[in-house]
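Inside the fold
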Amino acid sequence: MLTMPGMRKDKDEEAMGNPFAHIERTAVLQEARIFHQTPINPRRCCETLTKIIYLINQGERMTTIEATDTFFAMTKLFQSEDVIMRRMCYLTIKEMAQMTENAFIVTQSLTKDMNGKQDIFRAAAVRALCAITDSSTLQGIERYMKQAIVDKVHPVASAALVSSLHLSKNTKDVVKRWVNEVQESCQSDNIMVQYHALGLLYHLRKQDRLATSKMVAKYMRTGLKSPFATCMLIRIASKLLEEEDTGHDSPFFAFIESCLRNKHELVIYEAASAIVNMPNCTARELAPAVSVLQLFLSSPKPSFRYAGVRTLNKVTYAFLVLVLFTNLCLRSCPCFTYFDLHFGMVTTY
């Protein structure tokens, strides 16, 4: 009987077993005493930190005293410059943040890393610091967060923006004071920083419809370099369009329609999908979006072909005539997909 290589690999992995299957919380916490040793052994410390994270993800809960002792021990590890061990420290701090009321023990160490010269530590330090910060301690790091949001190092700025989004769930009034810095980040040349900045700005303003409309109108005029940010702007504009009574004569609809001519395929599809999903669209308003989706059917990228078929499927329920030509396009695809226009079903052969 022949054995497939993949099956053999799976059996070998099962035979090896899980190296952490039989570890116990008490033994791991005793092992954490090596954090106090001098000199620090990065390899052994990484193994212990990995075990702690494994236990937490398996549902093990530490007492407040145990978590506090572990936090205090980990402050010793910040004396080492070992990259892997330091990153494991940040990850462990994030996982244990809710287990102790004395997480501020590591605040000074994380703040030092956040403002240090080692860029490889700074972004992770921002995320870990925000994980242990609550409403009572946020004002103490507010100045550092404002600096991080407009930092020239893109991973640091992105980490600060995403962490601010998480902080705003419980401390929205404080994060709102950072709007000027967030708006500055919206002008960033980095596509991810701009995307995260727009997401945070919308989250802070989404309760105020007038402020949201002004924000969308502003970036409709100036434009965004990030295709991800443009996709988010299309979604926000589409949501505003559903809420207002002006119909499809709104400048928001004109903006979404103009995105059908964007140079990024991602933006083009987002605009087409938004138009297709809009209620009360006429055949004339749908026609440009349908034309774009038909072009996706001959795309060399399978993901765009599938997206085109799936989105066109929604159109058939109300506007069958608009997609009659689609069958010819589908039959020319490398993977022949038959689009049943009468029942709105897709079958792949």
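Preceding block: the structure.
Conventions adopted
- Residues numbered from 1 in each chain as written.
- Predicted model: local features only at pLDDT ≥ 70, side-chain atom pairs only at ≥ 80, totals over all residues.
- Heavy atoms only, no water.
- 1 Å grid on protein atoms, 1.4 Å probe; cavity = no way out; pocket = protein on both sides within 12 Å on 5 of 7 lines; lining within 4 Å.
- Points joined across faces, edges and corners; volume = space filled by probe spheres on them.
- Helix = DSSP H or I, 4+ residues; strand = E, 2+ residues; numbered from the N terminus.
- Nonpolar A, V, L, I, M, F, W, Y, C, P; charged D, E, K, R; others polar.
- Buried < 20%, exposed > 50% of the residue type's maximum accessible area, 1.4 Å probe, protein only.
- Arc of directions from axis to C-beta.
- Contact = heavy atoms within 4.5 Å.
- Polar contact = N/O pair within 3.5 Å; in protein donor to acceptor, adjacent residues only side chain to side chain.
- Axes fitted to C-alpha atoms, helices over the stretch in contact; angles between N-to-C directions.
- Parallel < 35°, antiparallel > 145°, perpendicular 65-115°, else oblique.
- Expected span 1.5 Å × (residues − 1).
- Core = buried A, V, L, I, M, F, W, Y, C linked by side-chain atoms within 4.5 Å.
- Patch = residues over 30% accessible without salt bridge, like charges linked within 9 Å, V, L, I, M, F, W, Y side chains within 5 Å.
- Areas by Shrake-Rupley, 256 points an atom, 1.4 Å probe, with all protein chains shown as cover.
- Salt bridge = Lys/Arg side-chain N within 4 Å of Asp/Glu carboxyl O.

Take the layout of surface pockets next. Its volume calculated, the largest pocket comes out at about 630 Å³. In this structure, the largest pocket is lined by 25 residues; those nearest its centre are Cys 130, Ala 131, Ile 132, Thr 133 and Asp 134. Those elements giving two or more residues to the lining of the largest pocket turn out to be helix H7 (119-131) and helix H9 (154-167). When its residues are assigned to classes, the lining of the largest pocket shows 10 nonpolar, 11 polar and 4 charged.

A separate point is helix H15 (residues 251-258). The α-helix winds at 3.6 residues per turn, so residues separated by three or four positions along the chain end up facing the same way. When H15 is considered as a whole, its buried residues turn out to be Phe 252, Phe 253, Phe 255 and Ile 256. Along the axis of H15, the buried residues cluster in a sector spanning 155 degrees; they form a single face. As for H15, its buried residues are in contact with helix H13 (209-222), helix H14 (227-243), helix H16 (265-276) and helix H17 (283-296). By the N-cap criterion, in which a side-chain oxygen at the helix start approaches the backbone nitrogen of a residue two or three places on, H15 is capped by Ser 250, the distance to Phe 252 being 3.1 Å.

Two elements in contact, H15 and H16, have axes whose closest approach is 8 Å; the angle formed by their N-to-C orientations is 135 degrees. Between H15 and H16, the angle is such that the two are oblique. Contact residues: Phe 253, Ile 256 and Glu 257 in H15; Ala 271, Ala 274 and Ile 275 in H16. Residues that form the contact of H15 with H16 fall into these classes: 5 nonpolar, no polar and 1 charged.

When the terminal C-alpha atoms of H7 are compared, their 19 Å separation across 13 residues agrees well with the 18 Å that a helix rising 1.5 Å per residue should span. Along H7, the residues classified as buried are Phe 121, Arg 122, Ala 123, Ala 124, Ala 125, Val 126, Ala 128, Leu 129 and Cys 130. Tucked into the core, H7 has its buried residues touching helix H5 (83-96), helix H6 (107-114), helix H8 (138-149) and H9.

Judged by nonpolar contacts, the single largest core of 103 residues is most densely connected at Phe 35, Ile 93, Leu 110, Ile 132 and Ile 256. When residues in this core are grouped by element, the largest group, 9 residues, is from H14. Filtering out sequence-adjacent residues up to four positions away, Leu 110 remains in contact with Phe 78, Tyr 90, Ile 93, Ala 125, Ala 128, Leu 129 and Ile 132.

Counting through the fold element by element, Val 179 comes out in helix H11 (residues 179-185). When the C-alpha positions of Val 179 and Leu 200 are compared, they lie 9.1 Å apart, and in sequence the two are 21 residues distant. With residues up to four places along the chain from it excluded, the contact list for Val 179 reads Leu 201, Leu 204 and Arg 205.

Here we come to a nonpolar patch on the surface. Residues Ile 191, Met 192, Phe 228 and Leu 266 make up a contiguous nonpolar surface patch of roughly 290 Å² in combined accessible area. Along the polypeptide, Leu 266 turns up in helix H16. A relative accessible area of 37% places Leu 266 in the partly exposed class.

With that settled, the discussion passes to the pattern of salt bridges. Taken as a whole, this structure holds 13 salt bridges when the rule is applied. With a shortest N-O distance of 3.4 Å, Glu 243 and Arg 209 are connected by a salt bridge. Pair noted here: Glu 243 is in helix H14 and Arg 209 is in helix H13, with a separation of 34 residues, a long-range link. Residue Arg 209 is classed as partly exposed on the basis of its relative accessible area, which comes to 35%. Among the ionic contacts, a cluster of salt bridges with common partners joins Arg 25, Glu 60 and Glu 66.

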